[in-house]
Amino acid sequence: MKLLKDRIAKWSMVGLLTAFAATSFYAPNASAHGEKSQAAFMRMRTIHWYDLKWSKEKVKVNEQVEITGKFHVFEGWPETVDEPDVSFLNIGIPGPVFIRKESYIGGQLVPRSVRLEIGKTYEFKVVLKARRPGDWHVHTMMNVQGGGPIIGPGKWITIEGSMGDFKNPVTTLTGQTVDLESYNLENTYFWHALWYAIGLAWIVYWVRRPVFLPRMLLADAGRADELVSGTDRKVAMGFAAGTLLLVIFAMSGANGKYPITIPLQAGTLRGIKPIEMTKPTVSVKVEDASYRVPGRAMRMKLTITNSGNSAVRLGEFYTASVRFLDSDVYKDTTGYPEDLLAEDGLEVSDNSPLAPGETRTVEVTASDAAWEVYRLSDIIYDPDSRFAGLLFFFDAAGNRQVTQIDAPLIPSFM
Ligand SMILES: [Cu+2]
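The present account deals with the structure reproduced in this document. (Residues numbered from 1 in each chain as written. Predicted model: local features only at pLDDT ≥ 70, side-chain atom pairs only at ≥ 80, totals over all residues. Heavy atoms only, no water.)

## Comments concerning unusual backbone geometry
Reasoning step 1: The omega torsion of the bond from Val-293 to Pro-294 falls at -5°, within 30 degrees of zero and hence cis.
Reasoning step 2: Mapping Pro-294 onto the fold places it in the loop between strand E12 (282-292) and strand E13 (297-306).
Reasoning step 3: Even without being glycine, Asn-62 reaches a positive phi, approximately 85°.
Reasoning step 4: Positionally, Asn-62 belongs in the loop between strand E2 (58-60) and strand E3 (64-73).
Reasoning step 5: For Ser-321, which is not a glycine, the phi torsion comes out positive at approximately 75°.
Reasoning step 6: Following the sequence through the fold, Ser-321 ends up in the loop between strand E14 (312-319) and strand E15 (322-325).
Reasoning step 7: The class of Ser-321 is buried, set by a relative accessible area of 9%. (Helix = DSSP H or I, 4+ residues; strand = E, 2+ residues; numbered from the N terminus. Buried < 20%, exposed > 50% of the residue type's maximum accessible area, 1.4 Å probe, protein only.)

Following this line, the structure appears as C-alpha cells:
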C-alpha cells in the first residue's frame, strides 16, 4: 500500500513538472504592442482612426507600402493628456524595419511636429520602405508632447528578401546622390578611431613608467617635481599643439570638402489643413450605456434621428481601434486587422431603414472577443468611466455619415 502511494506521488510530480515545462515554453505571438496596457478610456477618448488602408500586406526589401486614412481628434480630450499642440505623426514598429520615406497630414509633408486642433478630422498618408525581412506589426501612431504615444490599429506586414540589399538613396541640393544607409559611416569611424588612438597614446606614454605606488611615495616625500622631466614637458606641449593643429586642419578640410551645409531643420508646423466635414444629417443621443463585468460586450440605448433625405441604417460602431459591424449593412474590404474587426459584432434591436424625418430608440450591443483581448473591459480600473466612438450610418446607395458619440459607460455586475 505504501509503495502504491509513493508511486502515485512520484508520477503526479512528474506530470506536474511536464505540464509546467510545456506551458512555460508556450509563447504566443504578441499581436499588440503597447496599446493594450494603456488606460481604456484614454484610447477611447483621444484619437479615432478610421478609413485606414494598407496598400500591401507583403513586400520585398526596398519596396514601398502606403498607409492612408483619417483621424479624428476627439472633442472630449482627457485632462491628463496635454492638448495636441505639438504632435508627431509616427509609425509603431520595432526599430527601422521599414524606413519612413514620406508622411503627410492634409496633403502637407510632416517631417516635424505639427499642431492639431481638438475636434477636427485630418487625412494622413505614410509611405514606408521595407528594410528588414520578417513579419512586422505596423501601427500608425501619434506622439503628443506632454501626453505620450497614442497608438492606432496595428496590421501585420511581411517583408521578404535580404537586408543587405536595402538602399536609401537621396540626392542633395548640391547634386550628388548618396545612400543614407551607409553615407559618411567611414568618415565617422575614421575620426573616432583617430582621436581614441591619440587618447590612448597619451596614456601609454605615461604608463610605460610605474604608475601608482612609487609616484605616491615620491609625491608624499615632497619630491613630486622629479616625476615630470623636461622631455615629458616637451611631449605634453607636442600633444597640445598637435591636437590644436589637427582640429584646425581637419575643420578647414571638412569646410573645403563640404562648403554648403545647413543647420538642422526644426520647428512645429502650424496651419495643418483639416478635412471640411459636412454636418451629419443623422443625430444620435446616447440614453444610457453599460457593460457587464466580466464580459465581452457593451450595450447602449441610442435615440437616432434622421433629418436627411434618404433612409439610413447603422453599419458600424468604432471605439479604440476596434470596429463592430452589422454585416447586413456593411462589410469591410480594406483588410482591417482581424483581431480588431468584429465582422458581425454589432447587433441593433431594430436596424430597418430609418426614414427621413423619423426618430427611433434602439438597443445596440457591440460584442466581440476584442473587447476583452484589447482590454477595453479594463475600463473598470479607469478613473473616468466614459467612452467615445464613431457611428457610421449608410443609406441604400451606400453613402456614409459619421456621427460621434460620447457618454458615461456604467458597469453592471449582476
Ligand atoms: Cu503591434
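## Description of the sheet that holds strand E8 (residues 134-144)
Reasoning step 1: Pairing in this open sheet of 4 strands is mixed, and the strands run E2-E9-E8-E4 from one edge to the other. Each edge of the open sheet is held by one strand with a lone partner, namely E2 and strand E4 (87-92). The sheet shows a mean angle of 35° between the axes of neighbouring strands, direction not considered.
Reasoning step 2: With 10 bridges connecting them, E8 and strand E9 (residues 148-160) associate as antiparallel partners. Each residue of the ladder has a partner; that of Asp-135, found in E9, is Thr-158. (Pairing = 2+ DSSP bridges. Axes fitted to C-alpha atoms, helices over the stretch in contact; angles between N-to-C directions.)

## Some words on a nonpolar patch on the surface
Reasoning step 1: Taken together, Trp-202, Ile-203, Val-204, Val-207, Val-211, Phe-212, Leu-213, Met-216 and Leu-217 make up a surface patch of nonpolar side chains, about 890 Å² in accessible area.
Reasoning step 2: Contributions of two or more residues to the nonpolar patch are made by helix H3 (185-207) and helix H4 (213-220).
Reasoning step 3: Counting residues per element, the nonpolar patch draws most heavily on H3, at 4 residues.
Reasoning step 4: For Ile-203, a relative accessible area of 46% translates into the label partly exposed. (Patch = residues over 30% accessible without salt bridge, like charges linked within 9 Å, V, L, I, M, F, W, Y side chains within 5 Å. Areas by Shrake-Rupley, 256 points an atom, 1.4 Å probe, with all protein chains shown as cover. Salt bridge = Lys/Arg side-chain N within 4 Å of Asp/Glu carboxyl O.)

## Considering the packing of aromatic side chains
Reasoning step 1: Per the counting criterion, the structure on display carries 14 aromatic pairs.
Reasoning step 2: Taken together, a centroid distance of 5.6 Å and an interplanar angle of 85° make the contact between Trp-49 and Phe-124 edge-to-face. Of the two residues, Trp-49 is situated in strand E1 (residues 47-54) and Phe-124 in strand E7 (residues 121-130); the sequence distance between them amounts to 75 residues.
Reasoning step 3: Here Phe-71 and Phe-124 contribute two aromatic rings whose centre-to-centre distance is 6.1 Å and whose plane-to-plane angle is 45°, an arrangement assigned as tilted. Of this pair, Phe-71 sits in strand E3 while Phe-124 sits in strand E7, and the two are 53 residues apart along the sequence.
Reasoning step 4: The buried category is assigned to Phe-124, whose relative accessible area is 3%.
Reasoning step 5: A network of ring pairs unites the aromatic residues Trp-49, Phe-71, Tyr-122 and Phe-124 as a single cluster.
Reasoning step 6: Against the face of Tyr-374 rests Lys-36, its NZ or CZ located 5.6 Å from the ring centre. (Phe/Tyr/Trp six-rings, centres within 6.5 Å; stacked < 30°, edge-to-face > 60°. Lys NZ or Arg CZ within 6 Å of the ring centre and 35° of its normal.)

## Concerning the pairing of E7
Reasoning step 1: In terms of burial, E7 is largely enclosed, as 8 of its 10 residues are buried.
Reasoning step 2: Here 9 bridges tie E3 to E7, and the two strands are oriented antiparallel to one another. Across the sheet, residue Val-65 finds its bridge partner in E7, namely Leu-128.
Reasoning step 3: Sheet topology note: the strand E5 (residues 98-105)/E7 ladder contains 7 bridges and is antiparallel. Bridging from a neighbouring strand, Tyr-104 pairs with Lys-125 of E7.

## So, the nonpolar core
Reasoning step 1: By size, the foremost hydrophobic cluster in this structure holds 83 residues, and its most contacted members are Phe-71, Phe-98, Met-298, Phe-317 and Phe-387.
Reasoning step 2: The element that contributes the greatest number of residues to this core is strand E19 (residues 386-395), accounting for 6 residues.
Reasoning step 3: The contacts of Phe-317, once residues within four sequence positions are left out, are Met-298, Met-300, Val-322, Arg-323, Phe-324, Leu-346, Ala-366, Phe-387, Gly-389, Leu-390, Leu-391 and Ile-405. (Core = buried A, V, L, I, M, F, W, Y, C linked by side-chain atoms within 4.5 Å. Contact = heavy atoms within 4.5 Å.)

## What to know about the side chain of Asn-351
Reasoning step 1: By the secondary structure assignment, Asn-351 is in the loop between strand E17 (346-348) and strand E18 (359-367).
Reasoning step 2: Only 2.8 Å separates the side chain of Asn-351 from the side chain of Asp-326, close enough to count as a polar contact.
Reasoning step 3: When sequence neighbours within four positions are dropped, the list of residues in contact with Asn-351 reads Arg-313, Leu-314, Asp-326, Val-329 and Arg-360. (Polar contact = N/O pair within 3.5 Å; in protein donor to acceptor, adjacent residues only side chain to side chain.)

## Points about a negative patch on the surface
Reasoning step 1: On the surface, Asp-328, Glu-338, Glu-343, Asp-344 and Glu-347 cluster together to form a negatively charged patch.
Reasoning step 2: Positionally, Glu-338 belongs in the loop between E15 and strand E16 (341-342). (Lys, Arg positive; Asp, Glu negative; His and termini not counted. Charge placed at Lys NZ, Arg CZ, Asp CG, Glu CD.)

## Overview of the packing of H3 against helix H5 (residues 230-257)
Reasoning step 1: Across the interface, H3 lies against H5 with an axial gap of 11 Å and an inter-helix angle of 175°. The angle between the axes of H3 and H5 places the two elements in the roughly antiparallel class. Where H3 abuts H5, its residues Trp-191, Leu-194, Trp-195, Ile-198, Ala-201, Trp-202, Tyr-205 and Trp-206 lie against Thr-231, Asp-232, Val-235, Ala-236, Phe-239, Thr-243, Leu-246, Val-247 and Ala-250.
Reasoning step 2: Of the residues assigned to the contact of H3 with H5, the class counts are 14 nonpolar, 2 polar and 1 charged. (Parallel < 35°, antiparallel > 145°, perpendicular 65-115°, else oblique. Nonpolar A, V, L, I, M, F, W, Y, C, P; charged D, E, K, R; others polar.)

## A few points about the sheet that holds E3
Reasoning step 1: What the 5 strands build is an open sheet, ordered E1-E3-E7-E5-E6; its pairing is antiparallel. Each of the sheet's edge strands pairs with one partner strand only, and the pair in question is E1 and strand E6 (108-109).

## Focus: the pairing of E5
Reasoning step 1: Where E5 meets E6, 2 bridges bridge the pair, whose relative direction is antiparallel. Its bridge partner lying in E6, Ile-105 is registered against Gln-108.
Reasoning step 2: Connecting the antiparallel pair E5 and E6 is a turn made up of 2 residues, with Gly-106 showing a positive phi of about 55°.

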